[in-house]
Amino acid sequence: MAAPRPPPGRLSGVMVPAPIQDLEALRALTALFKEQRNRVTLLDLMIAKIMGDEPLSKDEIPVFLSHAELIASTFVDQCKTVLKLTSEQHAEDEEALTTIRLLDVLCEMAANTDLLGYLQVFPGLLERVIELLRVIHVAGSDTINIFSTCACMKAEGDISNMAEGFKSHLIRLIGNLCYKNKDNQDKVNELDGIALILDSCSIDDKNPFLTQWVVLAIRNLTEDNSQNQDLIAKMEEQGLADASLLKKVGFEVEKRGDKLILKSTSDTPQL
């Protein structure tokens with residue numbers, strides 16, 4: 001789900017317009033990222049710039065590539081701080097909120113073809129995203145907390161929690177990192193990430209568009225990758241992947257002789 005354009009933010013008492021229009025201002029703001037109190041606002045401004053009406057110019061791409069390194073490395077180093085949110089006493093933790101915004105920025109960067117290639121090969125990024133998805137999936141299943149699935153619809157006017165959409169965005173990022181990238185497709189397989197993604201697909205009011213991001217991830221994981229296709233087909237045969245779940249995300253398994261074939265259905269994925 002696209003993030004709304006943020007309002008003007010305040011960094012160290014200075015009003016900064018959103019989105020960032022000036023390249024020099026963008027460079028200067030990067031230095032402020034070292035201060036925890038400025039990070040969330042700066043990340044919101046980055047999102048607004050990437051999602052702006054005008055595409056990034058050829059002069060802006062190198063600047064955002066340097067930002068991609070900063071954002072990805074910071075996320076890899078500190079992403080587990082988001083687990084503080086499982087405790088009510090840390091329900092509004094600033095470091096956890098920063099991690100959520102880092103993921104938002106990474107998702108928007110990975111949706112940009114000029115920035116995607118850099119992120120696809122960034123050391124440890126894909127592994128850490130899969131690891132974090134597994135940890136919050138287990139944490140949300142073991143006890144009732146901010147990452148637990150909520151199948152009931154929120155009433156109009158209900159306030160969203162700060163982690164809303166976090167699981168969806170992790171799966172979105174995995175899917176984009178695997179787009180036409182065989183090494184990353186295989187890496188997700190090796191880390192048992194395919195079963196994890198399928199297991200994460202459920203009605204969850206805390207994660208809008210979760211099913212759509214699972215569909216995207218599975219499509220990108222199986223495109224021109226017979227090993228991943230065979231894995232999912234065998235999971236269905238062995239009862240490890242429910243046929244109704246596969247159909248829900250737009251796939252079905254067909255047996256042709258002794259071979260199981262995973263194929264896309266023409267049905268629109270169900271919400």
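Note that the structure is predicted; figures quoted are calculated from it, not measured. (Residues numbered from 1 in each chain as written. Predicted model: local features only at pLDDT ≥ 70, side-chain atom pairs only at ≥ 80, totals over all residues. Heavy atoms only, no water.)

Re the overall build of the protein chain
When helices and strands are counted, the protein chain shows 12 helices and four strands. Every one of the 271 residues in the protein chain was classed for burial, and the buried ones make up 49%. Considering only contacts in the protein chain between residues 6 or more positions apart, those separated by 24 or more positions represent 71%. Looking at the protein chain as shown, the accessible area adds up to about 13500 Å², and 52% of this sits on carbon and sulfur atoms. (Helix = DSSP H or I, 4+ residues; strand = E, 2+ residues; numbered from the N terminus. Buried < 20%, exposed > 50% of the residue type's maximum accessible area, 1.4 Å probe, protein only. Contact = heavy atoms within 4.5 Å. Areas by Shrake-Rupley, 256 points an atom, 1.4 Å probe, with all protein chains shown as cover.)

Overview of unusual backbone geometry
Residues other than glycine seldom take positive phi values, yet lysine 180 does so here, at roughly 50°. By the element assignment, lysine 180 lies in the loop between helix H7 (166–177) and helix H8 (182–190). We classify lysine 180 as exposed; its relative accessible area is 56%. Located in the positive-phi region is aspartate 224, a residue other than glycine, with phi close to 55°. Its place among the elements puts aspartate 224 in the loop between helix H10 (210–222) and helix H11 (226–237).

Overview of the confidence of the model for the protein chain
Summing up the model confidence of the protein chain, the mean pLDDT is 78 and the portion of residues at 70 or higher is 70%. Counted against residues more than four places away or in other chains, residues 1–21, with its pLDDT under 50, gives 49 contacts. Here residues 155–159 is a poorly scored stretch, pLDDT under 50, and it has zero contacts once near neighbours within four places are set aside; other chains count. (pLDDT = per-residue confidence, 0-100.)

Some remarks on the pattern of salt bridges
Evaluated as defined, the whole model comprises 11 salt bridges. With a shortest N-O distance of 2.7 Å, arginine 101 and aspartate 44 are connected by a salt bridge. Of this pair, arginine 101 sits in helix H4 (residues 94–110) while aspartate 44 sits in helix H2 (residues 36–50), placing them 57 residues apart in sequence. The network of salt bridges with shared partners includes Asp44, Arg101 and Asp104. (Salt bridge = Lys/Arg side-chain N within 4 Å of Asp/Glu carboxyl O.)

What to know about the nonpolar core
Counting residues in hydrophobic clusters, the biggest one holds 63 residues, and the most contacted among them are Phe75, Leu125 and Phe166. Looking at this core, the element that brings in the most residues is H4, giving nine residues. Beyond its immediate chain neighbours, meaning those up to four positions away, phenylalanine 166 contacts Val82, Thr99, Ile100, Leu103, Leu132, Ile136, Phe147 and Asn207. (Core = buried A, V, L, I, M, F, W, Y, C linked by side-chain atoms within 4.5 Å.)

Digging into the environment of asparagine 181
Here asparagine 181 is to be found in the loop between H7 and H8. Residues asparagine 181 and aspartate 224 lie 43 residues apart in sequence; the distance between their C-alpha atoms is 9.7 Å. Polar contacts involving the side chain of asparagine 181 include one to the main-chain amide nitrogen of aspartate 183, which spans 3.3 Å. (Polar contact = N/O pair within 3.5 Å; in protein donor to acceptor, adjacent residues only side chain to side chain.)

Considerations on H8
If you check which residues of H8 are buried, you get Asn184, Gln185, Asp186, Val188 and Asn189. Near the N-terminus of H8, the side chain that reaches the backbone nitrogen of aspartate 183, with its oxygen 3.3 Å away, is that of asparagine 181.

A short note on H7
Counted at 1.5 Å a residue, the expected span for H7 with its 12 residues is 16 Å, and the 17 Å between its end C-alpha atoms agrees. Within H7, 12 of the 12 residues are buried, leaving the element largely enclosed by the surrounding structure. (Expected span 1.5 Å × (residues − 1).)

Side note on the packing of helix H6 (residues 125–142) against H8
Where H6 contacts H8, the two axes come as close as 11 Å, and the packing angle between them is 35°. Our pair here, H6 against H8, has a crossing hand that is right-handed. Counted together, Leu126, Glu127 and Ile130 of H6 and Asn184, Lys187 and Val188 of H8 form the full contact between these two elements. (Axes fitted to C-alpha atoms, helices over the stretch in contact; angles between N-to-C directions. Left-handed = near helix turned anticlockwise from the far one by under 90°.)

Concerning the side chain of asparagine 181
For asparagine 181, a relative accessible area of 13% corresponds to the buried category. Within the structure, the side chain of asparagine 181 is placed 2.9 Å from the backbone nitrogen of asparagine 184, a separation counted as a polar contact.

Notes on the environment of leucine 116
Position of leucine 116 relative to the elements: it lies in helix H5 (residues 113–120). Here leucine 116 falls in the buried class, since its relative accessible area comes to 9%. Taking the C-alpha atoms as reference, leucine 116 lies 9.4 Å from alanine 68; in sequence the two are 48 residues apart. Contacts of leucine 116, omitting those with residues within four sequence positions, involve Met109, Ala110, Asn176, Leu177 and Tyr179.

Re the packing of helix H3 (residues 60–78) against H4
Packing of H3 against H4 leaves a shortest axis separation of 10 Å and a crossing angle of 135°. When the axes of H3 and H4 are compared, the pair comes out oblique. Between H3 and H4 the crossing geometry is left-handed. Mapping the contact onto sequence places Phe64, His67, Ala68, Ile71, Ala72, Thr74, Phe75 and Gln78 in H3 and Glu95, Thr98, Thr99, Leu102, Leu103, Val105, Leu106 and Met109 in H4. (Parallel < 35°, antiparallel > 145°, perpendicular 65-115°, else oblique.)

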